[in-house]
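# Examination of the molecular architecture
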Amino acid sequence: MKKILLFIVFLLSLYWFTFSCSKNNVSHATLLADAEMAYSQGHYDNAQLIADSITAAGVLERMNVDMLCRLSLLYMHLGERFDEEANIANAAKTLDAAAARDNDSTIVFIRALPVEDQARFVLVEAVSEGSRHILDSDSLFSESDSLFH
């Protein structure tokens, strides 16, 4: 168990070092892809560590809308596995950053997702304490999406 913990600390340190030496989106994109891959393979602890290292590095302002939306979605999924409150707060923070950068592109990203993931974004936006209302019923759902006609 001690070896695993040391390995995780080493991995986190390596990612942190990568961020401190790099100024471009390529490394952020690589780390985000690594976090998404770790999550999809069931390595939730690693996905959480990588996502948290991205957020802690203070690079959200340098990430594009697509990356911010993907990170927000990852945090939403991680919220189902771990500290829901902290992960939803991080999801809201990254969603707000994406909307501040380009609200229309954020909505386009969300519309392209499966309905379950769209619902996650609506929930995060609803519980967010931010003053922004990124998603309204007119911008995300069309008349045909409605359950009630």
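The structure under discussion appears in the preceding block.
Quick summary incoming for the structure in this document. None of the values given here were measured: they were computed from a predicted structure. (Residues numbered from 1 in each chain as written. Predicted model: local features only at pLDDT ≥ 70, side-chain atom pairs only at ≥ 80, totals over all residues. Heavy atoms only, no water.)

Turning our eyes to something else, we now look at the pattern of salt bridges. Using the criterion set out here, one finds four salt bridges in the structure. With its nearest N and O atoms 2.7 Å apart, the salt bridge here joins glutamate 36 to arginine 70. Of the two residues, glutamate 36 sits in helix 2 (residues 25-40) while arginine 70 sits in helix 4 (residues 65-79), which places them 34 residues apart along the sequence. The partner of arginine 120 in a salt bridge is aspartate 117, with the nearest N and O atoms 2.6 Å apart. Linking arginine 120 with aspartate 117, this pair stays in helix 6 (residues 115-127), spanning three residues, or about one helical turn. Given a relative accessible area of 21%, arginine 120 falls into the partly exposed group. (Salt bridge = Lys/Arg side-chain N within 4 Å of Asp/Glu carboxyl O. Helix = DSSP H or I, 4+ residues; strand = E, 2+ residues; numbered from the N terminus. Buried < 20%, exposed > 50% of the residue type's maximum accessible area, 1.4 Å probe, protein only.)

A separate point is the nonpolar core. In this structure, Ile54, Met63, Leu71, Leu74, Leu78, Phe121 and Val124 are the most contacted members of the largest nonpolar core, which totals 32 residues. Those elements that provide at least two residues to this core are helix 2, helix 3 (44-56), helix 4, helix 5 (84-111) and helix 6. With ten residues, helix 4 is the single largest residue contributor to this core. (Core = buried A, V, L, I, M, F, W, Y, C linked by side-chain atoms within 4.5 Å.)

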